[in-house]
Amino acid sequence: LLVAWFAERGISATAVGPVADDAGVLREIVASACARSDLVIVTGGASVGPVDHTPAVFRALGEIVFWRVAVKPGMPV
């Protein structure tokens, strides 16, 4: 959906995934995406549990601009 939305606006975008719930695999894929992109967006798979590797990988590789989106009727959905 996001790739199509960007394409309609003339913006080049690439979808990657799904990605295994493994810190090393996630780090490799995110590092590769960061090396060839101006912006990396991660959707889905992010939890608030102890095995969510996404925040640690992004902190190690760069900057998290914002984390989580308030969605009703509740979180997580």
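> Just to check I follow, could you spell out the packing of aromatic side chains for this structure?
The description of two aromatic rings rests on the distance between their centres and on the angle between their planes. All told, the structure shown has one aromatic pair when counted by the stated rule. Consider the rings of tryptophan 5 and phenylalanine 6, whose centres lie 5.1 Å apart with planes at 80 degrees: the pair is edge-to-face. The partly exposed category is assigned to tryptophan 5, whose relative accessible area is 40%. For phenylalanine 6, a relative accessible area of 17% puts it in the buried group.

> Got a minute to help me understand the pattern of salt bridges in this structure?
Any two side chains of opposite charge can pair, on the condition that their charged atoms come close. Taken as a whole and assessed by the stated rule, the structure comprises one salt bridge. Where glutamate 8 meets arginine 9, a salt bridge forms, and the shortest distance between an N and an O atom there is 3.4 Å.

> What is the right way to read the packing of helix H2 (residues 23-36) against helix H3 (residues 54-61) from this model?
Between two packed helices, both the angle of their axes relative to each other and the distance between the axes serve to describe the pair. Put simply, H2 and H3 touch, their axes get as near as 10 Å, and they point 45 degrees apart. Overall, the two elements H2 and H3 adopt an arrangement that is oblique. Viewed along their axes, H2 and H3 form a crossing whose handedness is right-handed. Residues Ala23, Leu26, Arg27, Val30 and Ala31 of H2 pack against Thr54, Val57, Phe58, Ala60 and Leu61 of H3. Its residues assigned to classes, the contact of H2 with H3 comprises eight nonpolar, one polar and one charged.

Scoring rules and cut-offs
Every chain's residues receive numbers from 1 upward, in the order its sequence appears when written. Owing to the predicted nature of the model, reporting of local features is limited to residues with pLDDT of at least 70; listing and counting of side-chain atom pairs is limited to 80 or more, with chain, interface and lining totals taken over all residues. Processing note: side-chain calculations cover all non-hydrogen atoms of the structure and skip hydrogens and water entirely. Between 30 and 60 degrees the pair is tilted, below 30 it is stacked and above 60 it is edge-to-face, where a pair is any two Phe, Tyr or Trp rings, Trp via its six-membered ring, whose centres lie within 6.5 Å. Each residue's exposure class comes from its accessible area (1.4 Å probe, protein chains only) as a fraction of the maximum for that residue type: buried when under 20%, exposed when over 50%, partly exposed otherwise. The salt bridge criterion pairs a side-chain nitrogen of Lys or Arg with a carboxyl oxygen of Asp or Glu, the two atoms within 4 Å. Helix axes are fitted only over the stretch in contact, all axes being lines through C-alpha atoms; the angle between N-to-C directions runs from 0 to 180 degrees. Strands are runs of DSSP state E lasting at least 2 residues, helices are runs of H or I lasting at least 4, and numbering of each runs from the N terminus. Note on terminology: angles under 35 degrees are roughly parallel, angles over 145 are roughly antiparallel, angles of 65 to 115 are roughly perpendicular, and the others are oblique. In this scheme the handedness of a crossing depends on how the near helix is turned from the far one: anticlockwise by less than a right angle means left-handed, clockwise means right-handed. Contact definition: two residues touch when any of their heavy atoms are within 4.5 Å. Residues are sorted three ways: Asp, Glu, Lys and Arg are charged, Ala, Val, Leu, Ile, Met, Phe, Trp, Tyr, Cys and Pro are nonpolar, and all the rest, Gly among them, are polar.

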